Each structure stands twice: as C-alpha cells, then as structure tokens.
Amino acid sequence: MSDSSASDYRRESLATLLGGRKGAVDASLPPVVFVVGWLAGGSSIGWGAAAAIAVSVVVGAIRTVRGGKPRAVLISLAAVVVAALVALYTGRPEDFFLPQLLSNVASALVWAVSIVVRWPLLGAIVGLLLGQKTRWRSDSALLRAYSRASWVWVCQYLVRVVVIGVLWASGHVVALSVARVVLSWPLVVATIAVSGWVLYRCLPDDHPGLRHPREAVPVSSNHSEGSGAGNETPET
C-alpha cells in the first residue's frame, strides 16, 4: 500500500461511517406534511395529524422494502404519532414540534455529559459501527479527538433548541416546518463534516486511524523487578 493510499485510509470519511442523510430527509417529511394538512384543512389539527401519520407510514413502508431496519421504522412512526397526539390534546398546532424540541434538549445534555465522564458518544457510536467495542478508549489521542469532535454534536442540538424553541414559543407554525427541514439533513451533513474535520485535526499525523486504536502500553512488571534487583546489594 502506498503512503498516499494509507493516509487516505487513516483519514476515512466520518460521513461514510455514519451516513444518516437519508434518515434525516425522511424525518423532515411528516412535519412539513402536517403543516400542509393543517393549512389545507382550514387550521385543522386533525387533518394535519392524519396527513403526517399517513406520510410517515408510507415512508416507513418504503424504507422497509429497501432494507431498512423495522425497529428504526417503528420508532420514527411512533415519534410522529406522539407528536400528533400532543398537538391534538393541547389544541395547539405548534405543539406538534414540542416532542422534537424536548428530545433535542435531552440529546444536548446526554452528549455533554458523555464528554465530561470521558465516554464521548461519537466514539461510542463509531466504535460500535467498527466493531471495536470499547478498545478506542485505550487510545488517549483517539479519546481526546472523539471528545472534542463530540462538542460539535452538542452545538448541533443547541442550535435546534434555540431556533425551534423561539419559533414554538411565538407560535409560528409554518416557520417551524421550514426550520425543521433546514435543521434536519443540511445541519446533519454540516455537523458530520465539521466533527470529522475536528476529529482528524486532533489526531497526530502518525496515528493509524479510527479503525486501529493504539492500545495502552502497560508498565512491565518484569522491567520493574529487574530494576529493583539491580539495586540490591549482592550477597558475599
């Protein structure tokens, strides 16, 4: 393998590992359809909720046929159903976006705590995808890089919290659907790109890459014993 190809392998794109754009696009459809149904039905939350659930079912069916995981499809559908029920219960169409607002608050907190306790979620996710389990934590350089890159993800969730929170509090339903689209796959793509840049920027140039974490080198007990033996006074 040439030096250039080895360098490319060490700098494997984080976007290639994480993906997620398709899922983000699919997730932005139900909120948009909810607002369209709400407007078409003369500000009827029932029409909006029915339209959002219907499109979520269609999207889920397409994803399943294309090999998507049934569990992920069901979770996405459940999220839309919960959002619709919240809006129907409160009678406020902007509350359709309330579960997403709360989930982003929770996500920001979880990611921040994971960094503080030295279990950055970006490392946990990539390590799981690469089948490394927790071996990446034994590499101090990789642990530090994952921690710093994970702050980019915290910022992503905080951006959503601020924008969606302000629009939700002011009751701008149409603006909320627009923000949901802008803050879905475009923000996800930008977050993956920036966090990938931060991740590799923090790694030493000679680091073997994400797939090859360096193991911590334990202090040799034989070396310690040997050193101690050398200091002993020889018997006469």
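Quick caveat, the model's predicted, so the values are computed rather than measured. (Residues numbered from 1 in each chain as written. Predicted model: local features only at pLDDT ≥ 70, side-chain atom pairs only at ≥ 80, totals over all residues. Heavy atoms only, no water.)

Colleague: Summarise the environment of Gly123; cite the residues concerned and give the values.
Modeller: Looking at the element boundaries, Gly123 is found in helix 7 (residues 121-129). Beyond its immediate sequence surroundings of up to four residues, Gly123 is in contact with Trp136 and Tyr146. (Helix = DSSP H or I, 4+ residues; strand = E, 2+ residues; numbered from the N terminus. Contact = heavy atoms within 4.5 Å.)

Colleague: Please set out helix 7 residue by residue, giving values where relevant.
Modeller: Every buried residue of helix 7 is listed here: Leu122, Gly123, Val126 and Gly127. Along helix 7, the residues classed as buried sweep out an arc of 125 degrees about the axis, all on the same side. Turned more than 90 degrees off the buried face of helix 7, the exposed positions are Leu128 and Leu129. Phi turns positive, to about 70 degrees, at Gly131, one or two residues after helix 7. (Buried < 20%, exposed > 50% of the residue type's maximum accessible area, 1.4 Å probe, protein only. Arc of directions from axis to C-beta.)

Colleague: Report on the packing of helix 6 (residues 98-116) against helix 8 (residues 140-170), specifying residues and quantitative values.
Modeller: Packing of helix 6 against helix 8 brings their axes to within 9 Å, and their N-to-C directions diverge by 155 degrees. Of the possible angle classes, the one that applies to helix 6 and helix 8 is roughly antiparallel. In this structure, helix 6 meets helix 8 at a crossing whose hand is left-handed. The segment helix 6 lies against helix 8, with Leu98, Gln100, Leu101, Asn104, Val105, Ser107, Ala108, Trp111, Ala112 and Ile115 engaging Ser147, Ser150, Trp151, Trp153, Val154, Tyr157, Leu158, Arg160, Val161, Ile164, Gly165 and Trp168. Its residues assigned to classes, the contact of helix 6 with helix 8 shows 15 nonpolar, 6 polar and 1 charged. (Axes fitted to C-alpha atoms, helices over the stretch in contact; angles between N-to-C directions. Parallel < 35°, antiparallel > 145°, perpendicular 65-115°, else oblique. Left-handed = near helix turned anticlockwise from the far one by under 90°. Nonpolar A, V, L, I, M, F, W, Y, C, P; charged D, E, K, R; others polar.)

Colleague: Give me the lowdown on the nonpolar core, citing residues and values where you can.
Modeller: In this structure, Leu122, Val126, Tyr146, Leu199 and Leu210 are the most contacted members of the largest nonpolar core, which totals 26 residues. Taken together, the elements giving at least two residues each to this core come down to helix 6, helix 7, helix 8 and helix 10 (185-202). Tallying contributions element by element places helix 8 first for this core, with 9 residues. Filtering out sequence-adjacent residues up to four positions away, Leu199 remains in contact with Leu14, Ala145, Tyr146, Ala149 and Leu210. Among the nonpolar cores identified, the runner-up in size contains 21 residues, and Ala49, Ala87, Phe96 and Leu176 belong to it. (Core = buried A, V, L, I, M, F, W, Y, C linked by side-chain atoms within 4.5 Å.)

Colleague: Give a detailed account of the pattern of salt bridges, specifying residues and quantitative values.
Modeller: Scanning the model with the defined rule gives 3 salt bridges in all. Two residues, Arg214 and Asp206, come together in a salt bridge whose shortest N-O distance is 3.4 Å. By relative accessible area, Arg214 is classed as partly exposed at 33%. Members of the salt-bridge network, linked through shared partners, are Arg92, Glu94 and Asp95. (Salt bridge = Lys/Arg side-chain N within 4 Å of Asp/Glu carboxyl O.)

Colleague: Tell me about the confidence of the model for the protein, and please be specific about residues and values.
Modeller: Chain-level pLDDT for the protein is 84 on average; 81% of the residues reach the 70-or-more range. Low pLDDT (under 50) marks residues 1-9, which in the prediction has 3 contacts with non-local residues, meaning those over four places away or in another chain. In this model residues 223-236 is a low-confidence stretch, pLDDT under 50, and it forms 1 contact with partners more than four residues away in sequence or in other chains. (pLDDT = per-residue confidence, 0-100.)

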